Amino acid sequence: MPVLPGAEPYRHQGGDAGVLLCHGFTGSPQSLRPWARYLAAREVTVALPLLPGHGTRWEDMQPTGWQDWYAEVDRELRALRERCSRVFVAGLSMGGALALRLAARHGDAVHGVIVVNPANKVHGLSSYALPVARHLVRTTRGIASDIAKPGAAELGYDRVPLHAAHSLRRFFRLVDGELPRVTQPLLLLRSPQDHVVPPADSARILGRVSSTDVTEILLEQSYHVATLDHDAERIFEESASFIGRLAPGAVREPEPGLGKEGATTGG
């Protein structure tokens with residue numbers, strides 16, 4: 001199936017510092033594209049891949065699992081490391097969990113971690129029924145577009161394939177066990193009003209990582225997909241500042257006339 005317009009991956013070759021951005025479950029690069037362009041306009045090398053099974057139709061996601069999604073971002077990180085000496089990982093929701101696992105497994109090769117409303121668990125009693133329910137029911141209602149900003153929308157599936165949701169549940173358990181191996185500086189931004197991921201997930205992550213350089217920022221005006229919401233600009237600015245602090249000279253302000261989003265292109 002062709003990729004939906006707007007869901008295409010995005011890449012930009014900038015300077016010696018690189019950032020891998022990971023989108024969320026049933027979402028697409030569209031939810032992170034403004035963030036990617038903001039960093040690209042500041043001469044940061046950016047990789048924003050499309051995860052397998054995403055960005056087309058929910059039926060294509062049904063046979064995929066966490067191994068497929070993680071393998072994609074792991075491959076992208078290895079490619080980014082070949083081009084950049086200082087590499088950061090970042091993500092939204094499930095993308096945050098992917099970023100945290102990359103940090104846990106790649107160690108010093110990752111200079112810092114940025115997560116926005118990171119997910120750590122599939123909540124509710126229904127999650128315990130997934131091992132059986134996935135064989136009886138194919139999908140449940142979607143979780144895309146939890147956004148407070150009028151007119152903003154996330155390009156994501158309107159249905160959640162239960163086979164994939166079951167795999168996601170297993171992945172969260174795996175990542176939770178690896179969180180103590182995360183030692184890198186961590187920037188965690190979360191929305192108190194999040195209708196997809198509860199505050200307990202961020203609290204769990206903050207309580208289990210071994211990072212000593214930790215910054216938590218509340219996004220008071222946004223819902224789950226905060227990268228497209230009222231606090232988007234703050235996310236972009238805080239992440240650029242975080243990268244600039246850990247990689248001095250890596251972030252450069254765009255020339256006058258380029259605008260806040262920059263003027264870069266990506267595939």
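Description of the structure in this document. Note that the structure is predicted; figures quoted are calculated from it, not measured.

### Things to note about the nonpolar core
One finds Leu 20, Phe 25, Trp 69, Val 89, Leu 100 and Val 113 to be the most contacted residues of the largest nonpolar core, which totals 43 residues. Going through the elements one at a time, β2 (17–22), α2 (58–61), α3 (66–83), β4 (86–92), α4 (94–106), β5 (112–116), α6 (162–178) and β8 (186–190) are the ones with two or more residues in this core. Ranked by the residues each element gives to this core, the list is headed by α4, at 8 residues. Setting aside residues up to four positions removed in sequence, Leu 20 forms contacts with Ala 47, Pro 49, Val 73, Glu 76, Leu 77, Leu 80, Phe 88, Val 89, Ala 90 and Leu 102. One finds Leu 21, Leu 32, Ile 217 and Ala 232 within the second-largest nonpolar core, a separate group that totals 34 residues.

### Observations concerning the pattern of salt bridges
Under the criterion given, the structure shown has 14 salt bridges. Note that Asp 60 and Arg 57 form a salt bridge whose closest N and O atoms lie 3.4 Å from each other. Taking relative accessible area as the criterion, Asp 60 reaches 23% and is therefore assigned partly exposed. For Arg 57, a relative accessible area of 37% translates into the label partly exposed.

### Re the sheet that holds β2
In space, the 7 strands of this open sheet follow the order β1-β3-β2-β4-β5-β8-β9, with mixed pairing throughout. Each having just a single partner strand, β1 (10–12) and β9 (214–218) make up the two edges of the open sheet. With strand direction ignored, the average angle separating the axes of adjacent strands in the sheet is 15°. In this structure, β5 lies alongside β8, joined through 4 bridges in parallel fashion. Bridge pairing in β8 places Val 115 opposite Leu 188. Strand contacts of α3: β1, β2, β3 (45–48) and β4, with the helix running at about 170° to β2, the strand carrying the most contacts.

### Concerning the packing of α3 against α6
For any two helices packed against each other, the geometry comes down to the angle between their axes and how far apart the axes lie. The geometry of α3 relative to α6 is characterised by a closest axis approach of 9 Å and an angle of 60° between their N-to-C directions. Classified by the angle between their axes, α3 and α6 sit oblique to one another. Across from Trp 66, Gln 67 and Trp 69 in α3, the residues of α6 making contact are Ala 164, Ser 167, Leu 168, Phe 171 and Leu 174. Its residues placed into classes, the contact of α3 with α6 shows 6 nonpolar, 2 polar and no charged.

### So, the pairing of β2
With 6 of 6 residues buried, β2 is to be regarded as a mostly interior element. Alternating residues of β2 divide into Ala 17, Val 19 and Leu 21 and Gly 18, Leu 20 and Cys 22, and every residue in both groups is buried. Looking at chain direction, β2 and β4 are connected through 6 bridges and run parallel. When the sheet's bridge partners are listed, Gly 18 is paired in β4 with Val 87. Sheet analysis places β2 next to β3, joined by 3 bridges and oriented parallel. Bridging from a neighbouring strand, Val 19 pairs with Val 46 of β3. At this point the chain moves from β2, through helix α1 (residues 33–40), to the parallel β3, and the crossover so formed is right-handed.

### A short note on the pairing of β4
Counting buried positions along β4 yields 6 of 7 residues, so the element is predominantly enclosed. Here β4 pairs with β5 via 5 bridges, running parallel. Bridge assignment links Val 89 to a residue of β5, and that residue is Val 113. With α4 bridging β4 and the parallel β5, this β-α-β connection has right-handed handedness.

Criteria and cut-off values
- Residues numbered from 1 in each chain as written.
- Predicted model: local features only at pLDDT ≥ 70, side-chain atom pairs only at ≥ 80, totals over all residues.
- Heavy atoms only, no water.
- Core = buried A, V, L, I, M, F, W, Y, C linked by side-chain atoms within 4.5 Å.
- Buried < 20%, exposed > 50% of the residue type's maximum accessible area, 1.4 Å probe, protein only.
- Helix = DSSP H or I, 4+ residues; strand = E, 2+ residues; numbered from the N terminus.
- Contact = heavy atoms within 4.5 Å.
- Salt bridge = Lys/Arg side-chain N within 4 Å of Asp/Glu carboxyl O.
- Pairing = 2+ DSSP bridges.
- Axes fitted to C-alpha atoms, helices over the stretch in contact; angles between N-to-C directions.
- Parallel < 35°, antiparallel > 145°, perpendicular 65-115°, else oblique.
- Nonpolar A, V, L, I, M, F, W, Y, C, P; charged D, E, K, R; others polar.
- Right-handed = clockwise from strand over helix to strand, strands pointing away.

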